[in-house]
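# Breakdown of the fold
Next come the chains, spelled out residue by residue.
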Amino acid sequence: MTAIAQDFWQEQEDDPEVRIDGRVRPDVEDAYWQSVYWAQPYFRHTLSYEDYAPAFCVGYIGCAQYGGRFEDAEKSLCANWFRIKGDSRLELDEALLAMRAAWQHAEQAPVQREEEELEMVDASYAAQARAQSARQPAYAAA
């Protein structure tokens, strides 16, 4: 995770898998963008990942925070960009392209349930099945 993303998530330092509303895993999104940022059509060779990282972060976090359409959240996303951009050399119009790309990627990549969540569902289902069978007459259970 980049230094910028670490600062952004500092308050959740003890939770290794931070998720926003169960839809976005910042560690996974950050790793993805680190590996593909240079292949994006808006990429400038004079810039590094550290320049793009805050915009990507605003995009994928914004997708989880605001949901809906990118255009409806654009004003808030711009405010977030100016708040966390740090030393990024991106201009706002370049940052918006990166934010939109990260938003769209986050929309397409649903977070899969973890095993413990599935175990909770299985345990709940088993308890309901036991309760249901206890209510059935003896002849129905035989």
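Here, the structure is the one placed above.
Conventions adopted
Residues numbered from 1 in each chain as written. Predicted model: local features only at pLDDT ≥ 70, side-chain atom pairs only at ≥ 80, totals over all residues. Heavy atoms only, no water. Helix = DSSP H or I, 4+ residues; strand = E, 2+ residues; numbered from the N terminus. Axes fitted to C-alpha atoms, helices over the stretch in contact; angles between N-to-C directions. Parallel < 35°, antiparallel > 145°, perpendicular 65-115°, else oblique. Left-handed = near helix turned anticlockwise from the far one by under 90°. Contact = heavy atoms within 4.5 Å. Nonpolar A, V, L, I, M, F, W, Y, C, P; charged D, E, K, R; others polar.

### Re the environment of Ala79
- Following the sequence through the fold, Ala79 ends up in helix 4 (residues 70-84).
- Measuring from C-alpha to C-alpha, the distance between Ala79 and Val58 comes to 9.6 Å, with 21 residues separating the pair along the chain.

### Section: the packing of helix 4 against helix 5 (residues 92-108)
- Between helix 4 and helix 5, whose axes approach to 11 Å, the crossing angle comes to 120 degrees. In terms of orientation, helix 4 and helix 5 fall into the oblique class. Here helix 4 runs over helix 5; the crossing is right-handed. Taken together, the residues of helix 5 that come into contact with helix 4 (itself represented by Phe70, Glu71, Ala73, Glu74, Leu77, Cys78, Trp81 and Phe82) are Leu92, Ala95, Leu96, Met99, Arg100 and Trp103.
- Residue composition of the contact of helix 4 with helix 5, grouped by class: 11 nonpolar, no polar and three charged.

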